[in-house]
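# Working through the structure, step by step
Chain by chain, the residues run as shown.
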Amino acid sequence: MYPVQIAAQHRKFRSNALHIGQILRLWTAWCGSHFRVVTSEAVRIDKTLTGDDVTAGDEPETRRVFDLDGPIAIKVAEIMRNGSYLSGRKINPAPKLFISAVENPGTHPFEYRIDRAIKKQKAGAKWLQLQLCFHKDRLENFCKGVAAHGTNLPILPNVILIKGAKGMQFMNENVRGINIPQELIDRVANASDPAEEAYQLTLELAKHALSLPGVRGLHVTDFRHDDSLARLMTDLGRKPK
């Protein structure tokens, strides 16, 4: 069945600098105002991304530091995973990393996003997590564009469980890189049961995403905090073990 990555919330960081810490346990990097990392004792996942501009955070006066961009940060992680620093000095034991990257299929320039995803894979990314995308056509074009390169890069699109139109409007107006068609916002706002309509929209987007080439699962962001996540898994065909 489909792997599912769950995000209850996104923690924001005030730093805009690259940070490398606890290298033998987990390599994490960010070059923007926030990053997402998922890890456990069994699997160590390094997810690298440029992130938002500092003006999107609560300290917009913060100095921008871009020592590495996303693809180069991935390459650094790959070199370290293979047992050496950039200087060539050996790391023993080498960190056991499962390197991943992110991309946004829903914003301009669309073709560049596809090329950048391939560049990240060549740098060492083993799978790709996507930003929220409420445009089915854009997500489909992205996935097909990546697949057209002959790659087997696994893709995890992002869907969000949200309570209603207010949250959708907030994201549309305040979260850079996310664009929600007004007709979708109106569809939820004008429904007799907005919370149910918001759920049905998420289910619809999730089913569409899972039908696309290269998609191996979903990243589910849950802002409802009720039984919707379990319901979504059931409606997508996942059964409790």
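Residues numbered from 1 in each chain as written. Predicted model: local features only at pLDDT ≥ 70, side-chain atom pairs only at ≥ 80, totals over all residues. Heavy atoms only, no water.

## Some details on the overall build of the chain
Scanning the chain for helices and strands turns up 7 helices and 6 strands. N-terminal to C-terminal, the α/β element order of the chain is β-β-α-β-α-β-α-β-α-α-α-β-α. In the chain, which comprises 241 residues, the share counted as buried stands at 46%. In the chain, 66% of the contacts between residues at least 6 apart in sequence involve partners at least 24 apart. Surface summary for the chain: the accessible area is close to 12600 Å², and the carbon and sulfur share equals 51%. (Helix = DSSP H or I, 4+ residues; strand = E, 2+ residues; numbered from the N terminus. Buried < 20%, exposed > 50% of the residue type's maximum accessible area, 1.4 Å probe, protein only. Contact = heavy atoms within 4.5 Å. Areas by Shrake-Rupley, 256 points an atom, 1.4 Å probe, with all protein chains shown as cover.)

## What to know about the nonpolar core
Note on soluble globular proteins: their nonpolar side chains tend to be buried together. Ranked by internal contacts, the top residues of the largest apolar core, which has 49 residues, are Phe134 and Phe142. The dominant element in this core, judged by the number of residues it contributes, is helix H6 (residues 194-210), at 8 residues. Those residues in contact with Phe142 that sit more than four places away from it in its chain are Glu103, Pro105, Arg113, Ile114, Ala117, Leu128, Leu130 and Ile155. Counting 5 residues, the second largest nonpolar core, distinct from the first, contains Ala73, Val76, Met80 and Ile91. (Core = buried A, V, L, I, M, F, W, Y, C linked by side-chain atoms within 4.5 Å.)

## Side note on the confidence of the model for the chain
Taken over all residues, the pLDDT of the chain has a mean of 81, while the share at 70 or more is 78%. Per-residue pLDDT stays below 50 along residues 4-43; that stretch engages in 111 contacts with residues further than four places along the chain or on separate chains. (pLDDT = per-residue confidence, 0-100.)

## A look at helix H7 (residues 228-235)
Within H7 the residues assigned to the buried category are Ser228, Leu229, Leu232 and Met233. Buried residues in H7, looked at end-on, bunch into an arc of 140 degrees, giving them a common side. Just past H7, the residue Gly237 takes up positive phi, approximately 95 degrees. (Arc of directions from axis to C-beta.)

## With respect to helix H5 (residues 182-189)
Residues of H5 that are buried include every one of Leu184, Ile185 and Val188, and no others. Axial view of H5: buried residues confined to an arc of 100 degrees, hence all on one face. Buried residues belonging to H5 abut helix H4 (165-174) and H6.

## Some points on the side chain of Asn104
Topologically, Asn104 is positioned in the loop between strand S3 (98-103) and helix H2 (110-123). What makes Asn104 buried here is its relative accessible area of 9%. Of the polar contacts made by the side chain of Asn104, one reaches the backbone nitrogen of Gly106; its length is 2.9 Å. Sequence-distant contacts of Asn104, defined by excluding residues within four places in its chain, comprise Arg113, Gln131, Leu132 and Gly177. (Polar contact = N/O pair within 3.5 Å; in protein donor to acceptor, adjacent residues only side chain to side chain.)

## Quick notes on the environment of Leu128
Inspection of the secondary structure assignment puts Leu128 in strand S4 (residues 127-132). Judged by its relative accessible area of 1%, Leu128 is buried. Along the sequence, Leu128 and Glu103 sit 25 residues apart, while their C-alpha atoms lie 7.1 Å from each other.

## Observations regarding the pattern of salt bridges
Enumeration over the complete set of coordinates arrives at 12 salt bridges. Linked by salt bridges that have partners in common, Glu103, Arg113, Arg116 and Lys120 make up one network. (Salt bridge = Lys/Arg side-chain N within 4 Å of Asp/Glu carboxyl O.)

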